[in-house]
Amino acid sequence: MNPAEDGAKRPVTGALVKVLTHRRDDRGMRLEEFASRCVRRGEIHELVTTDQHDTTPGAVVDRVGFLGFVEIAAGGVIDRGDEVRAEGRLIGTVLGFDACHFPNHYNVLIAVDATVTGPEVGLGPETEVRFDPPN
């Protein structure tokens, strides 16, 4: 992302459709080279927390906690650094994307201090999720 090229944007919003409850220390996700991804209304993407914060393209992300799958209600652009909120509560910031399951879905990697799962942050079906540009 080049701040000189970025302009204002609307938040991307959605609702959780499935809560995930597990974590792994050997997941082997690979960070995509792209700092942003466009998402369309109706798409479903997986939300994954990690305490590994390396943004180097191809960086391996092993330590993860799975939050769940979100259905996009209002399409837009998700950028590295966007704040991820559930019912208004800050979960973390977008680290990047793993495309191992694409075109079915992206894994949206969320930088956190310690990995968490959906139940640990109080997520349930229909929980509102927002990707807001940082303040």
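Once a new chain begins, its residue numbering starts again from 1 and follows that chain's sequence as written. Residue-level local features of this predicted model are given only where pLDDT is at least 70; pairs of side-chain atoms are given and counted only at 80 or more, and the full residue set underlies all totals for whole chains, interfaces and linings. Neither water nor hydrogens contribute to the side-chain values; these are computed over all heavy atoms in the structure.

Draft legend 1. Broad picture of the environment of Asn104. Strands here are runs of E lasting at least two residues and helices are runs of H or I lasting at least four, both read from the DSSP assignment and numbered beginning at the N terminus. On the secondary structure map, Asn104 appears in the loop between strand 10 (89-98) and strand 11 (107-111). The sequence separation of Asn104 and Ala35 amounts to 69 residues, and the corresponding C-alpha distance is 19 Å. Engagement of the side chain of Asn104 in a polar contact is seen with the side chain of His105, the distance being 2.7 Å. In the analysis that follows, any N or O atom pair within 3.5 Å is treated as a polar contact, provided that within protein one partner can donate a hydrogen and the other can accept it, and provided that, for residues neighboring in sequence, both atoms belong to side chains.

Draft legend 2. Spatial organisation of the pattern of salt bridges. Put simply, a salt bridge is a Lys or Arg side-chain nitrogen that is within 4 Å of an Asp or Glu carboxyl oxygen. Taken as a whole and judged by the stated rule, the model has 9 salt bridges. In this structure, Arg23 and Glu120 form a salt bridge, with 2.8 Å as the shortest nitrogen-oxygen distance. Linking Arg23 in strand 2 (residues 23-24) with Glu120 in the loop between strand 11 and strand 12 (128-132), this pair joins segments that are 97 residues apart in sequence. Given the relative accessible area of 40%, Arg23 is considered partly exposed. As a salt-bridge pair, Arg130 and Asp132 come within 2.8 Å of each other at their nearest N and O atoms. Overall, Arg130 belongs to the partly exposed group, its relative accessible area being 27%. Linked by salt bridges that have partners in common, Glu83, Arg85, Arg130 and Asp132 make up one network. Type-normalised accessible area, obtained with a 1.4 Å probe on protein chains alone, sets the label of each residue: buried when under 20%, exposed when over 50%, and partly exposed for intermediate values.

Draft legend 3. Spotlight on the side chain of Thr117. Tracing the sequence through the fold places Thr117 in the loop between strand 11 and strand 12. By relative accessible area, which is 3% here, Thr117 ends up buried. Contacts are assigned to residue pairs with any non-hydrogen atoms lying within 4.5 Å of each other. Setting aside anything within four residues of it in sequence, one finds Thr117 in contact with Leu20, Thr21, His22, Arg23, Phe66 and Leu67.

Draft legend 4. Inspection of the side chain of His105 at higher detail. Here His105 shows up in the loop between strand 10 and strand 11. A polar contact is formed between the side chain of His105 and the side chain of Glu46, at a distance of 3.0 Å. Excluding residues within four positions of it along the chain, His105 makes contact with Ile44, His45, Glu46 and Phe69.

Draft legend 5. Spotlight on the nonpolar core. Among the nonpolar cores identified, the biggest contains 22 residues, and Leu47, Leu67, Ile78, Val94, Ile110, Val129 and Phe131 are the most heavily contacted of them. Of all hydrophobic cores here, the second largest spans 12 residues; its members include Leu20, Leu31, Val61 and Val64. We define a nonpolar core as any set of buried Ala, Val, Leu, Ile, Met, Phe, Trp, Tyr and Cys residues linked to one another through side-chain atoms lying within 4.5 Å.

The analysis is restricted to geometry; functional conclusions fall outside its scope.
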